[in-house]
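Residue-level structure breakdown
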Amino acid sequence: MCADSTAVERVILARVDSTMAEAERRLRAAPLERPIWILAHTQEAGYGRRGRAWRAPFGNFTASLILPLNCPPQEAALRSFTAALALRDALSSYLAPDALTLKWPNDVLLEGQKIAGILLQSHGIAVGKQGHLVIGIGVNLRHSPDVAGLEEGALAPIDLFSVAGQCPDPETFLDQLTPRMAHWEAQISQQGFAPVRAAWMTHAAKRGQVILARLPNRDIRGVFDDVDETGNLILTTPSGPCAIAAADIYF
């Protein structure tokens, strides 16, 4: 992805089922050679990790970035870190930066509560083959979801307006986010994961504290020690270090 944000195309929709679904439709319809943002002011059937519903009332930010990539799938997956850093940078325009932390693998927290989430879906990404990564982003700008629908142990949501007393409209927030996404994409494309990992760890939530990683077949509890060079979460457990590639994390 080019660091020049003017090279990125934009599609602004009044209403859509899901920006992720719209991205899939566009990828099926025609080959895409440059990044495209798809933003919807109203999303009727949004979803997050593991198909969980993502509620997005009018005024919140709901968008997906289609990113052409030619790299192994495990490298494409590291874009969850670049997206989180870009989101934190954009939100820092409206909030005290110290109030924002990053939760592995794909959330941005404000004062310890969830303000933004990230979802990655790959399309045709393989070694030596041009593919696409779709990065879905939801940000609670003006509204927070109803806590009544939260699963047990999940972090409570929070919105920008309730803390800052003001918030941008979604298109203005996209103006803030686009160059920051381009910056971090340039970092990982040109310098690899190391500088991205170092920046992400600077803002990592709960480092050095006991957290719970919930896998499909078991739970692992341990001290959040690090993120390794492949993006795995490293927990220190009574039986030694444990590397986790994917899990739901609970504090």
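Scope of this entry: the structure provided in the associated data block. All values reported here derive from a predicted model rather than from experimental measurement.

Between helix α5 (residues 170-191) and helix α6 (residues 193-202), whose axes approach to 7 Å, the crossing angle comes to 135°. Looking at the two axes, α5 sits oblique to α6. The segment α5 lies against α6, with Trp184, Gln187, Ile188 and Gln191 engaging Phe193, Pro195, Val196 and Ala199. Taken together, the residues that form the contact of α5 with α6 break down as six nonpolar, two polar and no charged.

A word on the pattern of salt bridges. If you walk through the whole model with that rule in mind, you get eleven salt bridges. Residue Asp107 pairs with Lys103 through a salt bridge whose shortest N-O separation is 3.7 Å. The same class applies to Asp107 and to Lys103, which are both buried. Of the charged contacts, one joins Asp107 and Lys114 as a salt bridge, the two residues approaching to 3.4 Å between their closest N and O atoms. Judged by its relative accessible area of 23%, Lys114 is partly exposed. A single salt-bridge network, built from bridges that share partners, covers Asp17, Glu22, Arg25 and Arg26.

Before going further, it helps to spend a moment on the packing of aromatic side chains. Within this structure, the stated rule accounts for three aromatic pairs. Residues Phe61 and Phe173 carry aromatic rings whose centres are separated by 5.1 Å and whose planes lie at 70° to one another, so their mutual orientation is edge-to-face. Pair noted here: Phe61 is in strand β3 (residues 61-69) and Phe173 is in helix α5, with a separation of 112 residues, a long-range link. Each member of the pair, Phe61 as well as Phe173, carries the same accessibility label: buried. Here Phe81 and Trp200 contribute two aromatic rings whose centre-to-centre distance is 5.3 Å and whose plane-to-plane angle is 75°, an arrangement assigned as edge-to-face. Of this pair, Phe81 sits in helix α3 (residues 79-91) while Trp200 sits in helix α6, and the two are 119 residues apart along the sequence. With respect to class, Phe81 is no different from Trp200; both count as buried. Arg214 extends its terminal NZ or CZ atom over the ring of Tyr250, reaching a point 4.8 Å from the ring centre.

Here Asp175 lies in helix α5. For Asp175, a relative accessible area of 43% corresponds to the partly exposed category. With 85 residues separating them in the primary sequence, Asp175 and Ala90 have C-alpha atoms 9.2 Å apart.

Here the focus is the sheet that holds strand β1 (residues 9-16). As summarised here, the arrangement of the seven strands in space is β1-β2-β3-β7-β6-β5-β4, forming an open sheet in which the pairing is mixed. Two strands lie at the open edges of the sheet, namely β1 and β4 (100-103), each paired on one side alone. Each strand of the sheet is rotated relative to its neighbour by a mean of 20°, with strand direction disregarded. Across seven bridges, the pairing between β1 and strand β2 (residues 36-43) is parallel.

Cut-off values and rules
- As a convention, each chain's residues are numbered from 1 in the sequence order in which they are written.
- Since the coordinates come from a predicted model, pLDDT governs what is reported: local features require at least 70, and pairs of side-chain atoms require 80 or more to be given and counted, while whole-chain, interface and lining totals use all residues.
- With hydrogens and water excluded, all non-hydrogen atoms of the structure serve as input to the side-chain values.
- Axis angles are defined between N-to-C directions and span 0 to 180 degrees, where every axis is a line fitted to C-alpha atoms and, for a helix, only to the segment in contact.
- Helical segments are the DSSP runs of H or I of at least four residues, strand segments are the runs of E of at least two, and each set is numbered from the N terminus.
- Here roughly perpendicular refers to angles of 65 to 115 degrees, roughly parallel to angles under 35, roughly antiparallel to angles over 145, and oblique to all remaining angles.
- Note on contacts: a residue pair is in contact if any heavy atoms of the two residues lie within 4.5 Å.
- In this classification, Asp, Glu, Lys and Arg are treated as charged, Ala, Val, Leu, Ile, Met, Phe, Trp, Tyr, Cys and Pro as nonpolar, and every other residue, Gly included, as polar.
- Note on definitions: salt bridges are taken to be side-chain nitrogens of Lys or Arg within 4 Å of carboxyl oxygens of Asp or Glu.
- Exposure is judged per residue with a 1.4 Å probe applied to protein chains only, and the accessible area is read against the type maximum: over 50% gives exposed, under 20% gives buried, and values in between give partly exposed.
- Classification of ring pairs rests on two measures: the distance between centres of Phe, Tyr or Trp rings, Trp counted by its six-membered ring, which must be within 6.5 Å, and the angle between planes, read as stacked under 30 degrees, edge-to-face over 60 and tilted in between.
- By the criterion adopted, a ring carries a charge over it if an Arg CZ or a Lys NZ lies within 6 Å of its centre and within 35 degrees of its normal.
- Strands are treated as partners if at least two bridges between them are detected by DSSP.

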